[in-house]
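# Topology and contacts: notes
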Amino acid sequence: MPLGNSCISRASLPGGRCDANQTRMDRSPSAPAETAPRGPASVALQTAMTLALGGVGALGAIWLGLPAATLIGPSLLVTAVALAGVRVGIADIVRDICFLFIGLSVGAGFVPEAGAAILRWPLAFLALGVTLGLTIAVGGWVLRRFFGFDRTSGVLAAAPGHLSFVLSISMESGGDVGRVVIVQSMRLLTLTLVVPFLAVAMGYEVPPVAVIATAPMALWVLGLLAMAGLALGWVFGKLKFPAPLVLGAMGASAVSHVVDLTPGGVPQWILMPAYVVMGTLIGTRFAMMSWRLFRQSAVAGLVTTLVGAVFAGLGAIPVAWALEMELPHVLVSFSPGGLETMIALGAIMGVNAAFLTACHVVRLVILSAMIPFAVSRAGRHRPAETPDPAHV
């Protein structure tokens with residue numbers, strides 16, 4: 001059972017593959033070499049240790065009264081521990097269980113009345129597409145101009161999301177995979193930390209964890225929904241959908257709630273640990289990453305995140321006004337964060353589940369077409385290589 005953060009992250013590479021030679025993070029010469037795959041007991045021990053750190057981080061954040069504490073606390077503590085050189089990781093099965101229940105919880109927010117708003121959403125999708133194009137163009141230019149990225153790596157690092165797709169193209173096109181991963185990881189961590197505080201600064205209440213407004217559903221109903229979510233997630237995985245388990249569970253739960261077949265939400269005693277696992281997973285993205293590589297690319301990651309956030313905000317303001325929605329809700333729907341993380345964060349903030357999911361799925365669809373086009377253009381502008389005299 002491989003760990004969720006093996007190499008970069010098993011979940012972040014296409015098909016769940018892990019190419020250690022191409023994707024292993026740059027470490028100092030004194031860092032220990034990779035050993036043979038460890039047994040289940042070692043994986044379980046590391047998972048338990050990492051989750052314990054995440055739990056401590058969540059409790060500390062709740063004690064401090066931080067918004068979205070079950071996401072922010074684990075993210076901060078596990079990131080710090082990972083950068084200190086401690087091996088952290090979460091077994092894939094634990095990660096998948098977390099994704100399953102978060103998807104079921106978000107799907108429970110779909111109600112029959114929500115469908116009436118769909119006719120007004122194309123405006124949001126159009127604005128979203130414009131902000132994505134501007135983010136890639138301006139962010140890529142900033143990375144080339146001020147941080148020494150080549151054209152292809154600049155485009156890929158500036159892409160606001162779709163990490164598995166970005167990494168596959170980066171490896172195939174000869175991009176700087178290590179720097180791309182750090183910039184993308186900084187984007188995810190920064191948005192997870194900033195968005196809740198931004199909402200609070202705007203006067204909105206962001207509780208420590210998602211508040212379930214409805215009564216919890218019966219456990220046998222939850223079990224049936226979980227099996228349906230697993231089956232649909234398997235189908236989505238075969239179809240190469242992003243975050244298939246989250247989308248599968250969310251789809252199964254949404255359909256059953258829209259037709260009022262399974263009223264109620266995921267019990268809080270299940271949902272809170274799921275959010276702690278999600279926050280912990282964000283921190284494990286920095287595992288096996290040297291301080292040298294982190295320092296080199298962290299500033300670039302923060303700057304490109306700022307570029308993406310500015311354009312997302314500029315797009316969200318007119319959409320919120322036109323659709324008569326609360327601005328923080330549109331902001332988290334437009335935020336260039338990871339699909340699973342932003343869906344989880346949106347649930348905590350009480351965002352319209354259908355609108356939130358639609359925006360992030362459409363974002364990934366748009367990026368699936370936009371990124372290859374941008375990389376192709378970057379490749380055409382790449383300077384020709386100087387011939388090697390030995391082969392002339």
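Given the structure is predicted, the values throughout are model-derived calculations rather than measurements.

## What about the overall build of the chain?
Secondary structure summary: the chain contains 15 helices and zero strands in total. A total of 392 residues make up the chain; the buried ones form 53% of that total. Taking contacts inside the chain between residues at least 6 apart in sequence as the whole, the part at least 24 apart equals 78%.

## What to know about the environment of Leu76
Its location among the elements puts Leu76 in helix 3 (residues 69–83). For the pair Leu76 and Gly279, spaced 203 residues apart in sequence, the C-alpha to C-alpha distance is 8.4 Å.

## A word on a nonpolar patch on the surface
A cluster of nonpolar side chains, namely Trp234, Val235, Leu239 and Phe241, defines an oily patch on the protein surface of about 410 Å² accessible area. For Phe241, the position within the fold is in the loop between helix 9 (219–238) and helix 10 (244–258).

## As for the nonpolar core
With 62 residues, the main nonpolar core has Ile102, Leu104, Phe286, Val332 and Leu345 as its most contacted residues. The residues contacting Phe286, other than those within four sequence positions of it, are Thr79, Ala82, Leu83, Ser185, Met186, Leu189 and Phe294. One finds Leu128, Leu132, Ala300 and Val375 within the second-largest nonpolar core, a separate group that totals 35 residues.

## Points about helix 12 (residues 291–323)
A rise of 1.5 Å per residue sets the reference length of helix 12, with its 33 residues, at 48 Å; its end C-alpha atoms lie 44 Å apart and thus fit the reference within 8%. A positive backbone phi angle near 55° is found at Glu324, which sits one or two residues after helix 12.

## Digging into empty space enclosed by the protein
Counted by the stated rule, this structure contains two cavities of 30 Å³ or more. Size it by volume and the largest cavity reaches roughly 70 Å³. Taken together, 13 residues line the largest cavity, and the ones lying closest to its centre are Ala158, Pro160, Arg187, Thr304 and Thr305. For the lining of the largest cavity, the elements supplying multiple residues, two or more each, are helix 6 (151–158), helix 8 (177–201) and helix 12. Of all the elements, helix 12 adds the most residues to the lining of the largest cavity, at four residues. Grouping the amino acids of the lining of the largest cavity by side-chain chemistry returns six nonpolar, six polar and one charged. Here the second largest cavity defines a volume of roughly 50 Å³. Lining the second largest cavity are Leu128, Thr131, Leu132, Thr135, Pro160, Gly308, Ala312, Phe334 and Pro336. Every element with two or more residues in the lining of the second largest cavity is listed here: helix 5 (122–147) and helix 12. Element by element, the count of residues in the lining of the second largest cavity is highest for helix 5, at four residues. Across the lining of the second largest cavity, the residue classes break down as six nonpolar, three polar and no charged.

## A few points about helix 6
Most of helix 6 is tucked away: seven of the eight residues are buried. Considered for burial, the residues of helix 6 that qualify are Thr152, Ser153, Gly154, Val155, Leu156, Ala157 and Ala158. Where helix 6 begins, the capping side chain belongs to Asp150, and its oxygen is found 3.0 Å from the backbone nitrogen of Thr152.

## Some points on the packing of aromatic side chains
Summed over the entire model, instances satisfying the criterion amount to one aromatic pair. Taking 5.7 Å as the distance between ring centres and 85° as the angle between the ring planes, the aromatic pair formed by Trp141 and Phe146 counts as edge-to-face. Residue classification places Phe146 among the exposed positions, given a relative accessible area of 52%.

## Quick look at the confidence of the model for the chain
Looking at the chain, pLDDT values average 77 and 77% of them are 70 or higher. Counted against residues more than four places away or in other chains, residues 1–36, with its pLDDT under 50, gives 80 contacts.

## Remarks on unusual backbone geometry
Even without being a glycine, Glu324 presents a positive backbone phi close to 55°. Residue position: Glu324 is located in the loop between helix 12 and helix 13 (327–334).

## Some words on the pattern of salt bridges
Considering all chains together, one arrives at two salt bridges under this definition. Notably, a salt bridge pairs Asp92 with Arg95, separated by 3.3 Å at the nearest N-O pair. Residue Asp92 and its partner Arg95 are located together in helix 4 (residues 92–107), separated by three residues, close to a single helical turn. When sorted by exposure, Asp92 lands in the same class as Arg95, which is buried. Arg95 is the partner of Asp96 in a salt bridge, and the nearest nitrogen-oxygen pair spans 3.1 Å. Owing to a relative accessible area of 8%, Arg95 belongs among the buried residues under this scheme. Three or more residues joined by partner-sharing salt bridges are found here, namely Asp92, Arg95 and Asp96.

## Thoughts on the packing of helix 4 against helix 10
At a minimum axis separation of 7 Å, helix 4 and helix 10 run at an interaxial angle of 30°. Classified by the angle between their axes, helix 4 and helix 10 sit roughly parallel to one another. The two elements helix 4 and helix 10 meet at a crossing, and its hand is right-handed. In this structure, helix 4 contributes Asp96, Phe99, Leu100, Gly103, Leu104, Val106 and Gly107 to the contact, and helix 10 contributes Leu245, Val246, Ala249, Met250, Ser253, Ala254 and His257. The class makeup of the residues in the contact of helix 4 with helix 10 is nine nonpolar, four polar and one charged.

## Topic: the environment of Ile343
When you line up the elements, Ile343 lands in helix 14 (residues 339–349). Sequence separation of Ile343 and His360 is 17 residues, and the distance between their C-alpha atoms is 8.2 Å. If we skip the residues at most four places from it in the chain, Ile343 touches Val106, Val246, Met250, Leu356 and Thr357.

Conventions we followed
- Residues numbered from 1 in each chain as written.
- Predicted model: local features only at pLDDT ≥ 70, side-chain atom pairs only at ≥ 80, totals over all residues.
- Heavy atoms only, no water.
- Helix = DSSP H or I, 4+ residues; strand = E, 2+ residues; numbered from the N terminus.
- Buried < 20%, exposed > 50% of the residue type's maximum accessible area, 1.4 Å probe, protein only.
- Contact = heavy atoms within 4.5 Å.
- Patch = residues over 30% accessible without salt bridge, like charges linked within 9 Å, V, L, I, M, F, W, Y side chains within 5 Å.
- Areas by Shrake-Rupley, 256 points an atom, 1.4 Å probe, with all protein chains shown as cover.
- Salt bridge = Lys/Arg side-chain N within 4 Å of Asp/Glu carboxyl O.
- Core = buried A, V, L, I, M, F, W, Y, C linked by side-chain atoms within 4.5 Å.
- Expected span 1.5 Å × (residues − 1).
- 1 Å grid on protein atoms, 1.4 Å probe; cavity = no way out; pocket = protein on both sides within 12 Å on 5 of 7 lines; lining within 4 Å.
- Points joined across faces, edges and corners; volume = space filled by probe spheres on them.
- Nonpolar A, V, L, I, M, F, W, Y, C, P; charged D, E, K, R; others polar.
- Polar contact = N/O pair within 3.5 Å; in protein donor to acceptor, adjacent residues only side chain to side chain.
- Phe/Tyr/Trp six-rings, centres within 6.5 Å; stacked < 30°, edge-to-face > 60°.
- pLDDT = per-residue confidence, 0-100.
- Axes fitted to C-alpha atoms, helices over the stretch in contact; angles between N-to-C directions.
- Parallel < 35°, antiparallel > 145°, perpendicular 65-115°, else oblique.
- Left-handed = near helix turned anticlockwise from the far one by under 90°.

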